[in-house]
Amino acid sequence: RQSLEVRVLDALSGRQGTDLLLSEREAARALLTELRETLAASRREAEEAVSECARLRTAKDQLEAELLRVTQERDTLRGQLNDTRGVLDDREEEVSHLRSFVKQKRPL
């Protein structure tokens, strides 16, 4: 950027005669061409960045949806596990009562 500024200043300073004016015009044209190329490159980079942001946003949305699905599945499985534990506790209590009953009824 500094070299560009230096060249602009050089092109615009010390106007002496028509030869200098012609060289100033050529320098200005060259600088304008360089600026157009720089602007085009910047636009391409900006378009690529916007495209990448859109791709990342889509990936983020997909990951959030997957996280929600997995979280819901986990919660469902936790509920099923708790239900199974409850049933198991009930069965263990029944077995304990049956053992006590058998011990009481068993002749020694």
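Caption draft 1: Quick peek at the overall build of the protein. Looking only at helices and strands, one finds two helices and zero strands in the protein. Classification of the 108 residues of the protein by burial places 4% in the buried group. For the protein, the accessible area works out to roughly 9,900 Å², and carbon and sulfur atoms hold 56% of it.

Caption draft 2: Quick look at the pattern of salt bridges. Counted according to the given criterion, the structure contains six salt bridges. Across the pair E64 and K60 runs a salt bridge whose closest N-O atoms are separated by 3.5 Å. Separated by four residues within a single helix, E64 and K60 lie in helix 2 (residues 17–105), roughly one turn from each other. With a relative accessible area of 42%, E64 lands in the partly exposed category. The shortest N-O distance in the salt bridge between E73 and R69 comes to 2.9 Å. Placement of both E73 and R69 in helix 2 is noted, with a separation of four residues, approximately one turn of the helix. Residue E73 is classed as partly exposed on the basis of its relative accessible area, which comes to 41%. The class of R69 is partly exposed, set by a relative accessible area of 41%.

Each value, and the rule that gives it
Residues numbered from 1 in each chain as written. Predicted model: local features only at pLDDT ≥ 70, side-chain atom pairs only at ≥ 80, totals over all residues. Heavy atoms only, no water. Helix = DSSP H or I, 4+ residues; strand = E, 2+ residues; numbered from the N terminus. Buried < 20%, exposed > 50% of the residue type's maximum accessible area, 1.4 Å probe, protein only. Areas by Shrake-Rupley, 256 points an atom, 1.4 Å probe, with all protein chains shown as cover. Salt bridge = Lys/Arg side-chain N within 4 Å of Asp/Glu carboxyl O.

Such coordinate-based values are descriptive only and should not be taken to indicate function.
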